[in-house]
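An overview of the molecular structure
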Amino acid sequence: MSPFDPKHRTTVGGQITIALYRIAQAIDYLLRERGKTTHLSPAQIQALLFLRHVRPGVRTIGGLAQRLGVTYATASGVADALEGKRLITRDPLPDDQRVVTLSLTDAGEVQASRLENVLDEIEAVINDLPGAEQAALLRATQAIVARLQQSGYVRVYEMCWGCQFFRRNAHPEDPRGPHHCAFVDAPLAEPVTYFECPDFVPSGEHREV
Ligand code: SF4
C-alpha cells in the first residue's frame, strides 16, 4: 500500500508519512523562496548555515558532502559557487594538503546570520499547537529520526552537551579546555562544545557526564 495513493492512504502510518513528506516539501519551498531573494541555491543556503554551526574540524569539502548527502564533486561545486560570491574561502589543511577547509568570510557570516530564520514559519506553526501535542510530537519525531539514523538514512548533528562521549570538566586546569571528548580523545574548550558534531551519540541523559 502506497501512501501516495489517496485511495489507500487510510492507515495512521500512511497518513503521517505523507504529512512528513508535505512538511519536507514546505521546507524545500521555503529554502527555494529565500534563494530567490539572496541569489543562493538551497544547497548554498544549507552550506552557509552548516559552516556557521558545525565544529571546526568538519568544515571541509568532505564534511559538507556528508552534510548535504551529495558527492564530493557536488559539494566542491557548491563551495566553488560560494567562493565566487566571496561568502567563503577554501584553504588546504597545513598538515594534509589533500583536505580542503572552508571558512565563512565576514560577508558570509552576515549572510548566514540572515538565513537563520528561514524555517521560522514552520516553527511558528508548531508553536501554535497545544503544549501536550508539542511534547508528543517531539517524542515521536525524535523516535522516527533515531530509527532513520540507525538505518543510515540521516545523520544527526548536535552539540557536545548530551553526547555520550562528552566528559564535562574532565580536566578543569587544562589550558586547551576543561572538557574532554572521549571519541577523539581530545580536550574541548567551552565554545567548541556548542558547535554541531556529526559524531554525536545521545547519552540519554542531557548534560550529564
Ligand atoms: S563526539 Fe560527542 S563529545 Fe566528541 S566532539 Fe562530537 S559531540 Fe562533542
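Just above, that's the structure.
Rules and cut-offs
- Residues numbered from 1 in each chain as written.
- Predicted model: local features only at pLDDT ≥ 70, side-chain atom pairs only at ≥ 80, totals over all residues.
- Near = placed C-beta within 6 Å.
- Nonpolar A, V, L, I, M, F, W, Y, C, P; charged D, E, K, R; others polar.
- Helix = DSSP H or I, 4+ residues; strand = E, 2+ residues; numbered from the N terminus.
- Expected span 1.5 Å × (residues − 1).
- Buried ≥ 20, exposed ≤ 12 C-beta atoms within 10 Å, placed from the backbone.
- Arc of directions from axis to C-beta.
- Axes fitted to C-alpha atoms, helices over the stretch in contact; angles between N-to-C directions.
- Parallel < 35°, antiparallel > 145°, perpendicular 65-115°, else oblique.
- Contact = placed C-beta atoms within 7 Å.

**Comments concerning the site of the ligand**
- Taken together, the residues surrounding the ligand are Cys-160, Cys-163, Phe-165, Phe-166, Cys-181, Phe-183, Val-184, Cys-197, Asp-199 and Phe-200.
- Taken together, the residues of the shell around the ligand sort by class into nine nonpolar, no polar and one charged.

**Details of helix 4 (residues 72-84)**
- The end-to-end C-alpha distance of helix 4, which contains 13 residues, comes to 18 Å, matching closely the 18 Å that a straight helix rising 1.5 Å per residue would cover.
- Along helix 4, the residues that are buried comprise Ala-75, Val-78, Ala-79 and Leu-82. Take helix 4 and look down its axis: the buried residues cluster within an arc of 95°, on one side only. In helix 4, the exposed positions angled more than 90 degrees off the buried face are occupied by Ala-73, Asp-80 and Gly-84.

**Considering the packing of helix 2 (residues 42-53) against helix 4**
- Here helix 2 crosses helix 4 at 80°, and the two axes come no closer than 10 Å. Classed by the angle they form, the pair helix 2 and helix 4 counts as roughly perpendicular. Between helix 2 and helix 4, the contacting residues are Ala-43, Gln-44 and Ala-47 on the first element and Val-78, Ala-81 and Leu-82 on the second.

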